[in-house]
Amino acid sequence: MSNFSEELTRPVTEDDDQMETSVVSSAGMHFPWLQKKLETVVTRGKKEKDFAQTTSACLSFIQEALLKHQWQRAAEFMHSYLQILEDSDSSKRQAAPEIIWKLGSEILFYHPKSNVETFNSFADRMKNIGVLNYLKISLQHALYLLHHGMLEDANKNLSQAETWRYGEKSASQEIIMNLVQAYKGLLQYYTWSKKKMELSKLDEDDYAYSTKSRNIFNQSWKTSTHIGELIKIPGVWDPFVKSYVEMLEFYGDHDGAKKVLTNYAYDAKFPSNPNAHIYLYNFLKREKAPKTKLISVLKILYEIVPSHQLMLEFHVLLRKSEKEEHRKLGLEVLFGILDFAGCTKNITAWKYLAKYLKQILIENHPAWVQEQWNSRKTWWPTFHFSYFWAKCDWKEDTDLACEKAFVAGILLGKGCRYFRYILKQDHQVLRKKIKQMKKSVRKYSIVNVGIGSTV
């Protein structure tokens, strides 16, 4: 790689410390070439002596190189950009370490000639430049190590960061420290999870079971302490919440697990998060909670993500409810799922809709269908029921085509092109089904009662 990584990874000597005292106090990065580069960075063909113009040009070139994934070119410009650490403007000088870390770590992460040792050396040096960034860099360094499967090194890194102290702790440092401790807790959870798996393979009467059980309890206590504090802070903490709840459930604290999940889903201080409602729903389902409670949780998820795969379960719960408002909402949910392009081939949704439309019309609720169809009749025919889609669907999945044809016939009448195309197909296995479909459409189509329209 360029001098950028070579200089950053070279050990600091006593001579180096003397040369760079004006740049960094105590241990830091080594810049023997700094003054030489200061006067020689070329911008638009002219030598610029002005520090601001030089560093600003370098930063622009680095950003452009990063956008184009030109990692070597970015590294070469970084070699010159490091002089910003000597900027006479104190605000720029103070902001420089964080910028250098972000740019440098990005380059070293993707550079084809970079490796873990290079990244580690860079991170360790950057922690000592602008000490206020120590925690943030330590956390990101640990995430890099986790990405490379180096769990022990990541844990060691987080442990060192956990003991770091410098002056009064600011609010932002407090949050980062909570993150450091929580990620350490997540690593401990991983160890706990492995031990739990080992425990499940042992006989409960075995001495080894009791020993491992005690070890697992100690491990979970440490983990829960780290994670429990973080998830009280408003934010999106999905992996931490899941880990914490799993441990609470494992030790039988179901009330505690429910409280954590309920707070995570409903506390107004927390940002809207679909996963919070998914976790709560799955927990309540495991606890065999009343169907009304499951419906109330999924109703909020429906408002956030109407195309979520759990909406099919939501429909089933609504369909089986004794409340008319629930059964009416069950129809809305199915139409809502099929409004999304990613769900157009979902055969389960089409089967449910075909079956439910027939049930609703038999129960004499055509107004429910009309209410849903009125807002879709101008675009669903092209979106779902064109002649093109009839040919494609029949070729790819005859079962899907038949379900859609029935829905098309109910909504658009027997004159619908999609319905007519499927009706004309000669398929020995499906012949009886198509014949029954034709009779049902003739009997139940909303066009017959003056509600629908043909295409």
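Shown above is the structure to which this text applies.
Reading the values: rules and limits
- Residues numbered from 1 in each chain as written.
- Predicted model: local features only at pLDDT ≥ 70, side-chain atom pairs only at ≥ 80, totals over all residues.
- Heavy atoms only, no water.
- Helix = DSSP H or I, 4+ residues; strand = E, 2+ residues; numbered from the N terminus.
- Expected span 1.5 Å × (residues − 1).
- Buried < 20%, exposed > 50% of the residue type's maximum accessible area, 1.4 Å probe, protein only.
- Contact = heavy atoms within 4.5 Å.
- Polar contact = N/O pair within 3.5 Å; in protein donor to acceptor, adjacent residues only side chain to side chain.
- Axes fitted to C-alpha atoms, helices over the stretch in contact; angles between N-to-C directions.
- Parallel < 35°, antiparallel > 145°, perpendicular 65-115°, else oblique.
- Left-handed = near helix turned anticlockwise from the far one by under 90°.
- Nonpolar A, V, L, I, M, F, W, Y, C, P; charged D, E, K, R; others polar.
- Phe/Tyr/Trp six-rings, centres within 6.5 Å; stacked < 30°, edge-to-face > 60°.
- Lys NZ or Arg CZ within 6 Å of the ring centre and 35° of its normal.

Visitor: Any chance you could explain helix α18 (residues 347-362) here in plain terms?
Guide: Three or four residues apart is the spacing at which side chains of an α-helix point the same way, because the helix has 3.6 residues per turn. Taking 1.5 Å of rise per residue, the 16 residues of α18 would be expected to cover 22 Å, and the 23 Å separating its terminal C-alpha atoms lies within 8% of that figure. Ala349, Trp350, Leu353, Ala354, Tyr356, Leu357, Ile360 and Leu361 are the residues of α18 that are buried. Contacts made by the buried residues of α18 are with α16 (311-319), α17 (324-337), α19 (366-374), α20 (380-384), α22 (398-412) and α24 (431-444). If you check the start of α18, you find a side-chain oxygen 3.2 Å away from the backbone N of Thr348, and it comes from Asn346. Just beyond α18, the residue with positive phi is Asn364, at close to 65°.

Visitor: Hey, could you run me through the packing of helix α10 (residues 171-200) against helix α12 (residues 238-250) in this one?
Guide: For the pair α10 and α12, interaxial distance at closest approach is 10 Å and the crossing angle is 40°. The orientation of α10 with respect to α12, classified from their angle, is oblique. In terms of crossing hand, the pair formed by α10 and α12 is left-handed. Counting all contacts with α10, which are made through Ala182, Tyr183, Leu186, Tyr189, Trp192, Lys196 and Leu199, the residues of α12 involved are Pro239, Phe240, Ser243, Glu246, Met247 and Phe250. Considering only residue class, the contact of α10 with α12 consists of 10 nonpolar, 1 polar and 2 charged.

Visitor: So what exactly am I meant to see when it comes to α17 here?
Guide: Given a rise of 1.5 Å per residue, 14 residues ought to cover 20 Å, and the 20 Å separating the end C-alpha atoms of α17 matches this to within 8%. For α17, the full list of buried residues reads His326, Arg327, Leu329, Gly330, Leu331, Val333, Leu334, Phe335, Gly336 and Ile337. Taken together, the buried residues of α17 touch α15 (291-304), α16, α18, α19, α20 and α22.

Visitor: Please explain the packing of aromatic side chains as it appears in this structure.
Guide: Here a ring pair, both rings aromatic, is described through the centre-centre distance and the interplanar angle of the planes. With the rule as written, the count across this model stands at 26 aromatic pairs. Ring plane angle 45° and centroid distance 6.1 Å describe the contact between Tyr302 and Phe314, whose orientation is recorded as tilted. Note that Tyr302 is positioned in helix α15 and Phe314 in helix α16, a separation of 12 residues in sequence. For the ring pair Phe385 and Tyr418, a centre distance of 6.0 Å and an interplane angle of 75° mean the geometry is edge-to-face. Placement of Phe385 in the loop between α20 and α21 (387-396) and of Tyr418 in helix α23 (residues 417-423) is noted, with a sequence separation of 33 residues between them. For the pair Phe385 and Tyr418, one class covers both residues: buried. Among the aromatic residues, those joined into a ring-pair cluster are Phe335, Trp350, Trp373, Trp379, Trp380, Phe383, Phe385 and Tyr418. Between Arg319 and the ring centre of Tyr352, over which it is positioned, the NZ or CZ distance is 5.3 Å.

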